[in-house]
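# Chain and residue survey
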Amino acid sequence: NAGVTQTPKFRVLKTGQSMTLLCAQDMNHEYMYWYRQDPGMGLRLIHYSVGEGTTAKGEVPDGYNVSRLKKQNFLLGLESAAPSQTSVYFCASSTTRTGHQPQHFGDGTRLSIL
Amino acid sequence: DQQVKQNSPSLSVQEGRISILNCDYTNSMFDYFLWYKKYPAEGPTFLISISSIKDKNEDGRFTVFLNKSAKHLSLHIVPSQPGDSAVYFCAASGTLADGLTFGKGTHLIIQP
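Predicted model only: the values in this text are computed from it and were never measured.

The rules behind these values
- Residues numbered from 1 in each chain as written.
- Chains lettered and ligands numbered in written order.
- Predicted model: local features only at pLDDT ≥ 70, side-chain atom pairs only at ≥ 80, totals over all residues.
- Heavy atoms only, no water.
- Helix = DSSP H or I, 4+ residues; strand = E, 2+ residues; numbered from the N terminus.
- Rg over C-alpha atoms; globule rule 2.2 N^0.38 Å.
- Buried < 20%, exposed > 50% of the residue type's maximum accessible area, 1.4 Å probe, protein only.
- Contact = heavy atoms within 4.5 Å.
- Areas by Shrake-Rupley, 256 points an atom, 1.4 Å probe, with all protein chains shown as cover.
- Lys, Arg positive; Asp, Glu negative; His and termini not counted.
- Charge placed at Lys NZ, Arg CZ, Asp CG, Glu CD.
- Patch = residues over 30% accessible without salt bridge, like charges linked within 9 Å, V, L, I, M, F, W, Y side chains within 5 Å.
- Salt bridge = Lys/Arg side-chain N within 4 Å of Asp/Glu carboxyl O.

### A short note on the overall build of chain A
In terms of regular secondary structure, chain A is built from zero helices and eleven strands. Helices and strands in chain A line up, N terminus first, as β-β-β-β-β-β-β-β-β-β-β. Compactness check: chain A gives a C-alpha radius of gyration of 13 Å against a globular reference of 13 Å for 114 residues, within 12% of the reference. Taken over the C-alpha atoms alone, chain A extends approximately 35 × 30 × 30 Å along its principal axes. Counting every position in chain A, which comprises 114 residues, the buried fraction comes to 47%. Across chain A, every contact between residues at least 6 apart in sequence was considered, and the portion connecting residues at least 24 apart equals 55%. On chain A, roughly 5500 Å² of surface is accessible, and the fraction owed to carbon and sulfur atoms is 51%. In chain A, the 11 positive side-chain charges and the 8 negative ones have mean positions that sit 4 Å from each other.

So, in structure tokens, the structure goes:
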């Protein structure tokens, strides 16, 4: 029962480095989302996708890029990491665009930028 | 400005008693509300939801109440069990927006 799988689980980067976070879902969901969670905060939407080949900006998109080349994968990229991007990143997928069907979340990627 | 507010960062309840978690929202366009439960080092898991056309939804020990006029919802857990100790997030969505808007969460601690 894989559901939503995020890799890596942990990563430490230096300021200015780049990296890509991978999200894979095996539920054939059309919609996928990237959120970040900071201490004492709720999850905030970074980018999302409503289908293969599509992406759109969420609430906090600056400093990130995304790609959805395959329906099951949603990649989040940091081109030049900054300490303000230290956070826990969650990927989610859903069958609907709104909350009328629940989103299924991965277990997160904990990212530290030094 | 926060559109979904959970004003209690933490709540301590005795095992077997009722836990009541509260959530307020400001955006009138929200039409669906969800509660998620989160354990440390895991992703949020869906618990229960309610549509804006209803005022109550029940699932086993969990009941969510919605007061649209007050823009307030609450999650009741009866009876509370040790495994209920977790962070609970209130989330909202609207037909004109994508994704979910989350509150900051309430850390529920069930004491034996």
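Here the narrative resumes.
### Digging into a nonpolar patch on the surface
Together, I18, I20 and V78 of chain B give the surface a local cluster of nonpolar side chains, amounting to about 230 Å² of exposed area. Note that V78 of chain B resides in the loop between β8 (72-77) and β9 (86-94).

By themselves, these observations are geometric and do not establish any function.
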